[in-house]
Structures are given as structure tokens and as C-alpha cells.
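# Tertiary structure, described
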Amino acid sequence: MHRELFSIGAFKVHSYGFMLCVAFILGLVITYRHLKKNFIDPYVVFDIIIAALVGGIVGARVFYILGN
């Protein structure tokens with residue numbers, strides 16, 4: 001996998017960040033469809049997914065800083 005997917009001027013899109021974004025969006029879509037199919041309010045899960053996104057990224061950064 002390439003480290004950098006593309007760049008527009010000084011803005012660089014790295015492959016890891018892009019794939020992380022795609023994974024969260026795909027997980028959100030799959031969860032939404034599953035809950036809608038089972039007659040459960042799918043909007044309840046959005047708060048949990050946003051909290052997991054923020055907590056995962058911040059936690060990974062804190063762990064990296066403490067480890068190095």
C-alpha cells in the first residue's frame with residue numbers, strides 16, 4: 001500500500017487515514033441498515049459510533065505519545 005494516496009498542493013491524503021474513514025463510514029451504513037431492517041431506531045447508534053471514533057483516535061494518539 002502506498003503511504004500517500006494523493007496530494008492537492010500542500011494537502012496530503014494518507015492511505016491509513018483514508019481507509020480508517022472508509023471503515024467507519026461502512027460500519028455506520030451496515031449498522032444503520034441492519035437496525036432499520038430489524039425495526040429498531042437506527043439513530044440511537046450514531047452517538048455510540050461518534051464516541052467510538054473520537055475515543056479510538058484520541059486513545060491511540062495518547063498511547064503512541066506515552067509509548068514513545
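Residues numbered from 1 in each chain as written. Predicted model: local features only at pLDDT ≥ 70, side-chain atom pairs only at ≥ 80, totals over all residues. Heavy atoms only, no water.

### Observations regarding the overall build of the protein
Convention followed: By the criteria applied, helices consist of DSSP H or I runs no shorter than four residues and strands consist of E runs no shorter than two, each listed in order from the N terminus. Computation of the radius of gyration draws on C-alpha atoms, with the globule rule given as 2.2 Å multiplied by the number of residues to the power 0.38. Summary of the burial criterion: residues with accessible area below 20% of their type's maximum are buried, those above 50% are exposed, and those between are partly exposed, where the area comes from a 1.4 Å probe applied to protein chains only.
Scanning the protein from N- to C-terminus turns up two helices and two strands. Going from the N terminus to the C terminus, the protein shows its helices and strands as β-β-α-α. Against the globule reference of 11 Å for 68 residues, the protein gives a C-alpha radius of gyration of 16 Å, more extended than a compact globule. For the protein, buried positions account for 9% of its 68 residues.

### Regarding the confidence of the model for the protein
We apply this condition: Per-residue confidence from the prediction method is given by pLDDT, with values spanning 0 to 100.
Scored by pLDDT, the protein comes out at a mean of 88, with 99% of its residues at no less than 70. Element-level pLDDT for the protein is lowest in helix α2 (residues 44-67), with a mean of 88, against a maximum mean of 91 in strand β2 (residues 11-14).

### What to know about the pairing of strand β1 (residues 4-8)
Note the following rule: A strand pair is defined by DSSP finding two or more bridges across the two strands.
Of the pairings in the sheet, the one linking β1 to β2 comprises four bridges and is antiparallel in character. Its bridge partner lying in β2, S7 is registered against K12. Counting the residues in the hairpin turn of β1 and β2 gives two residues, including G9, whose phi is positive at 65°.

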